[in-house]
Amino acid sequence: MSERQSGSAAAAPVLVLDESSPPALHPVPAVAPASSPPELTARALVAGGLIGAVVAVTNVYTGLKTGFWESGCVLSSLLAFGGLSAMARRGPPVSPLETNLSQTAAVSVGAVPATAGLLGAVPALAMLGTQPPGWAVALWGVGLGTLGVLFAFALRRRLLEDEALPFPTGAATAQLISTLHSTGSAYAARVRGLWVSGLASMGLTFSRDAWGLVPQASLLPGTMTVGGLSANSLMLGIGWNPMMLGIGVLVGPQAGLSILLGSALAWAGLAPWLVSEGVVKNAEFPTLSGWLLWPGVGLMVGAAATSLLSQVGALPSVMRDLRKLGQDGMGWESTAGRWVARAVLPAIVLTGVMAWFAFQLSPLYFLLALLLTFPLCAVCARATGQTDIAPMSPVGQLAQVGFGLGVPGHPGLNVAAGGVVSGAASHTSGSLWSLQAGRLLGASASRQLLVQLPGVLLGAAVAIPTYALLVSAHGLGSETLPMPTAQQFKAVAELASKGLGELPQSSALATGLGFLAGVLLSVGARGRLAKWLPSAAAMGIGFVVPAYYAVTLCLGALLAAGVARFRPSATQTVQSAGAGAIIGESLLSVLIAALIAAGLIHPG
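Here the structure is a predicted model, which is why all the values come from computation and not from measurement. (Residues numbered from 1 in each chain as written. Predicted model: local features only at pLDDT ≥ 70, side-chain atom pairs only at ≥ 80, totals over all residues. Heavy atoms only, no water.)

Caption draft 1: A look at unusual backbone geometry. Backbone geometry places methionine 235, a non-glycine residue, at a positive phi of 60°. Classification of methionine 235 by relative accessible area gives buried; the value is 12%. For glutamine 360, which is not glycine, the phi dihedral falls at a positive 55°. Of note, glutamine 360 is situated in the loop between helix H13 (332-359) and helix H14 (363-387). (Buried < 20%, exposed > 50% of the residue type's maximum accessible area, 1.4 Å probe, protein only. Helix = DSSP H or I, 4+ residues; strand = E, 2+ residues; numbered from the N terminus.)

Okay, structure coming up:
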């Protein structure tokens, strides 16, 4: 999936979706304290590392389950303020700059699952028969994350200062930090829903997955039919997934209704027709999803292509930025810029060695992918700054298509090449959100750089074992872990390498129609009809995940919309509750997977 930040200053993780219009934000004025408050402290690093580990675990689970992941900028700021305030009872008071540095470290840790390809490229390669070792994936992620951090630092002056792009999520983060440090009641108002829903989510998840007291979903009875198929065979119903409700709360009604629309078209419309016409053999989920994946991917790729075309005009300025890497700036910035330029080569070498060893991406092909990576990362960064939409997966898929057409017959090759581009782009955009928050608060960009780099190491150490646990417990592409992003990487690879003739029966036409619909919806979303048209990327997800996922997610979105309309004062609490529901289920699900692997519990 492509990734989007909502830009809301509420205390909630911000989840991805292409094409939703971010709310307008007004950057807060920079903080200019009379004295020098603490910034780079041991407690800030400890808090940032712990919070980032939670965000990383959550991102692995939610990404594999739904295709969504969060930057954690806003959530990390809230948790960092609370944690640092508790530590400060026996030390100096917490400053806004210290809170900002803590969230900067947390964001760097939490982005690693996407950077290392754990949500897309790595499981896609596993489904294609290539399973790289965990330590090699970790080093691959460290190399790509380092490139992303360094590239974000190189682009900082141009995008944040010279062009003054808004980067709304960064502005929202700065505004939240400023509010927390100036209003005593702001923290309590935001954290209440987070903890209550988090604990409730943990209890429900444990009852469901460890004891078997709660079903995965309450499906419609088999006596009800849709197009001749029983409703329960199509998985029509409501899931007992607090995480899905939480995601719906955060992505909003437009995205929630779009996913439900896509799911209805796929599972209540196309699925019965496929079975009645004999296009597929049976009405089981794996069989139907293998066909429905293709029009869903067409929708998502059509949206991605439209997003990238809108940024083509930025390429000349991107190339000028690359030529001047490390040459601009004065004082510490000039020195730091030179060190950034020197660090690029070691990061490239590390990533290239791992790409060759673990992903069978030869040095020549890796260098070709790298030539695409730098300009496409800058295009992604510019799109993020202008719209708060970071087309990370789309730039990766563009690389996939290029490699698939240039080197046909090797789907694993273009998955790996796409992973290089999308991985570096993930960390570039995440780092720039944090750098924007720091700039508005008057923070030191060099200190933010110093905490982002070790954050990549910690993120890899946390994310790789989490991924291994979940996959061993639930399997690749299962009902529990549908892996929409990985399915998209795999589908694009096969399509680009083998052509339309290799698609399942009748799905070539459906893929083309899905692509056309994705383009038309994305173009229409840039005009006056933006708020009324469904999101093509979100509709594509509805084709891939079980129907009850979409119903549950949409219920969460409608619940949040109802609260915002009839009781606006409770909006922040509800958004925090959505974040708590996501974190609670994610953490407990990973813990349960570990307990099952150790033989300590047996699912009911």
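Caption draft 2: Representation of the pattern of salt bridges. Following the criterion strictly, the structure yields six salt bridges and no others. Here glutamate 98 makes a salt bridge to arginine 43, at a shortest N to O gap of 2.5 Å. Remark: arginine 43 occurs in helix H1 (residues 42-66) and glutamate 98 occurs in helix H3 (residues 96-110); sequence separation between them is 55 residues. According to the relative accessible area criterion, glutamate 98 is buried, its value standing at 0%. Owing to a relative accessible area of 14%, arginine 43 belongs among the buried residues under this scheme. (Salt bridge = Lys/Arg side-chain N within 4 Å of Asp/Glu carboxyl O.)

Caption draft 3: Expanded view of a nonpolar patch on the surface. On the surface, a nonpolar cluster with roughly 270 Å² of combined accessible area is contributed by Leu40, Leu45 and Leu450. Mapped onto the secondary structure, leucine 40 falls in the loop between strand S1 (3-4) and H1. On the basis of relative accessibility, which here comes to 41%, the residue leucine 40 falls in the partly exposed class. (Patch = residues over 30% accessible without salt bridge, like charges linked within 9 Å, V, L, I, M, F, W, Y side chains within 5 Å. Areas by Shrake-Rupley, 256 points an atom, 1.4 Å probe, with all protein chains shown as cover.)

Caption draft 4: Molecular detail of the side chain of serine 207. Relative to the assigned elements, serine 207 resides in helix H8 (residues 184-209). Judged by its relative accessible area of 16%, serine 207 falls in the buried class. Apart from residues lying up to four places away in sequence, serine 207 is in contact with Gly212, Leu213 and Val214. (Contact = heavy atoms within 4.5 Å.)

Caption draft 5: Structural detail: the confidence of the model for the chain. Taken as a whole, the chain shows an average pLDDT of 81; of its residues, 84% reach a score of 70 or greater. Between the elements of the chain, mean pLDDT differs from a low of 44, seen in S1, to a high of 94, seen in H3. Low pLDDT (under 50) marks residues 328-332, which in the prediction has nine contacts with non-local residues, meaning those over four places away or in another chain. (pLDDT = per-residue confidence, 0-100.)

Caption draft 6: Region of the structure containing the nonpolar core. By size, the foremost hydrophobic cluster in this structure holds 140 residues, and its most contacted members are Leu64, Leu118, Trp267, Leu288, Leu292, Phe359 and Leu470. Top contributing element to this core by residue count: helix H6 (residues 134-162), with 15 residues. The next biggest cluster of nonpolar side chains, apart from the first, holds 15 residues, and it includes Ile51, Val74, Ala106 and Ile583. (Core = buried A, V, L, I, M, F, W, Y, C linked by side-chain atoms within 4.5 Å.)

Caption draft 7: Quick look at the packing of aromatic side chains. Here the structure, examined in full by the defined rule, presents four aromatic pairs. Here tryptophan 135 and phenylalanine 357 contribute two aromatic rings whose centre-to-centre distance is 5.3 Å and whose plane-to-plane angle is 35°, an arrangement assigned as tilted. Taken together, the positions of tryptophan 135 in helix H6 and phenylalanine 357 in helix H13 put the pair 222 residues apart, joining distant regions of the chain. We classify phenylalanine 357 as partly exposed; its relative accessible area is 48%. Seen from their ring centres, tryptophan 140 and phenylalanine 359 are 4.1 Å apart, and the 35° between their planes marks the pair as tilted. Of this pair, tryptophan 140 sits in helix H6 while phenylalanine 359 is found in helix H13, placing the two residues 219 residues apart along the sequence. The pair tryptophan 140 / phenylalanine 359 is uniform in exposure class, with both members buried. (Phe/Tyr/Trp six-rings, centres within 6.5 Å; stacked < 30°, edge-to-face > 60°.)

Caption draft 8: Structural detail: helix H15 (residues 392-406). Between its first and last C-alpha, H15 extends 22 Å over 15 residues, near the 21 Å set by a 1.5 Å rise per residue. Looking at H15, one finds that the buried residues are Met392, Ser393, Pro394, Val395, Gly396, Gln397, Ala399, Gln400, Phe403 and Gly404. (Expected span 1.5 Å × (residues − 1).)

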